[in-house]
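A structural walkthrough
Okay, here's what each chain looks like letter by letter:
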Amino acid sequence: MSSAPDFDPLSPAMLENPYPVYAELQAKHPVFWDEKVGAWVVTRYDDCREILMDSERFVRDPRRVSEVSTESEESVQALDRKAVSELRRLVTGSIHAQDLEQIGRSVRASIDRIFEGVASRPSFDWMIEVGARLSGTITADFLGVTEPDPQVFKTIVEGMARKFDADLAGDDPEAERRVREAFGGLIDGWLGSPQTHGTVLTLKNRAEEMGVHVGVVKNLIGLLFIGSFGTIFASSGSFAFMLMERPDVFDQLRDPRLLGSGIEEFLRFDGPSQATSRIAKRTTEVRGVTIKEGDPVFIVLGAANRDPDQFPRPQELVLDRAPNRHLSFGWGPHSCLGSLFGQLALGELARALHDAPAPLRLTGTPIRLPTTTVRSFASLPVTFQA
Ligand code: HEM
């Protein structure tokens, strides 16, 4: 078994910039057991993709999934493959049934309103004023529910980000209980109130016909909420930060032909979902290393996305990179269901920043969220004032 003694995913240096360490792990320890993470850590692109694709050998890690219900038989992960793909089809169908152009316009209107409100402020926290509000609006629109307070959203997302870190975050049962209760309450409220459109309505209407238990529906809505809110929140901050740091990239993205591929490239380069995990269903091998049945595997998407064997010039932002088969939306049977919304949100943000009367600039030191699975700023102080 190879070991990598210096791997400390929550160290300030790693939170700031994990990529040099990922490159070293890829070269020297592509698959190793880490006590702190409590899992096998896998960093090479081919290995990560193989694990994500192979749901016969690797199943979702229940320690890191945003479950609302505690009864395992009600979990989405406990369903057989056929039921999962039916539910996935339902959600995908509901996403495709929505008018994306109209959603784009409503997202843009909401960004314009947010920007108007902060335009004259000498400093504001992008994560609260823009990140939480924008992701709240998009998520509520997509689910077809009323939007709760951004602070409630943020508390739940930060609690869930800790949960995704599983063993790394340490136990805080009281905090976990509070987050689970707040989350469960939110979803019960949505299920109990009438909707006119959106995914919650579709799921409510169809689940009974399909014989799917209400607990599964709750968990799926929970997954959708966390999948949507947390990632749009996190990526809005990293995207704005990158555009402030790289005025050349900011200018190049004015070209509409580069915007779509540029957003994909940003997500490859510094995406919000840095890692996910699976459990080995049976004893198996990855790159010659034996992984025993029941062992957790930590798949470092952020590392795979900079693997030189897959991406030429991996440490550079190449805005027209093609092909760009990054793993920022996962891969295979559990890949992201809402990637369209993520891309749409970042596209509208870029357009709004291009149209703003003055460039966005930093007014203080950004603070990172102390989590390794989710890469996000907790606070990003900025202004539009000169
Ligand atoms: C930039 C934005 C986004 C990023 C980077 C992202 C990333 C990811 C990744 C990496 C996974 C795979 C996790 C795994 O395999 O363990 C995933 C799954 C998922 N995402 Fe996203 N996501 C984004 C936006 C969204 C949005 C807007 C929604 C909802 C509208 C969403 C809903 C989901 C759901 C439900 C899953 C679980 C699918 C399953 O288990 O079958 N995501 N996402």
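Report follows, based on the coordinates. Keep in mind that what you see is a predicted model, and the values were worked out from it rather than measured.

1. Notes on the site of the ligand
Around the ligand, the structure places 25 residues, and the nearest of them are Arg60, Arg88, Thr276, Arg278 and Cys336. In this structure, Thr276 approaches the ligand through a side-chain N or O atom, which is 2.5 Å from an oxygen atom. The contact in question runs from an oxygen atom of the ligand to an N or O atom on the side chain of Arg278, over 2.8 Å. Taken together, the elements giving at least two residues each to the shell around the ligand come down to helix H10 (214-245), strand E5 (276-280) and helix H14 (339-355). Per-element tally for the shell around the ligand: the top contributor is H10, with six residues. Partitioned by chemical class, the residues of the shell around the ligand number ten nonpolar, twelve polar and three charged.

2. Digging into the coordination of the iron atom of the ligand
Looking at the iron atom of the ligand, one finds just one donor atom contributed by the protein, Cys336 (SG), at 2.3 Å. Note that Cys336 resides in the loop between helix H13 (301-304) and H14.

3. Observations concerning the pattern of salt bridges
Opposite charge on two side chains permits pairing when their charged atoms draw close. Within this structure, the stated rule accounts for 20 salt bridges. Where Glu24 meets Lys28, a salt bridge forms, and the shortest distance between an N and an O atom there is 3.2 Å. In this pair, Glu24 and Lys28 are both assigned in helix H2 (residues 19-28), four residues apart and thus about one turn of the helix distant. For Glu24, a relative accessible area of 45% corresponds to the partly exposed category. Taken together, the salt bridges that share partners define one network made up of Glu50, Asp54 and Arg57.

What counts and what doesn't
Residues numbered from 1 in each chain as written. Predicted model: local features only at pLDDT ≥ 70, side-chain atom pairs only at ≥ 80, totals over all residues. Heavy atoms only, no water. Near = heavy atom within 4 Å. Polar contact = N/O pair within 3.5 Å; in protein donor to acceptor, adjacent residues only side chain to side chain. Helix = DSSP H or I, 4+ residues; strand = E, 2+ residues; numbered from the N terminus. Nonpolar A, V, L, I, M, F, W, Y, C, P; charged D, E, K, R; others polar. Donors = N, O, S within 2.8 Å, 3.2 Å for Na, K, Ca; no water. Salt bridge = Lys/Arg side-chain N within 4 Å of Asp/Glu carboxyl O. Buried < 20%, exposed > 50% of the residue type's maximum accessible area, 1.4 Å probe, protein only.

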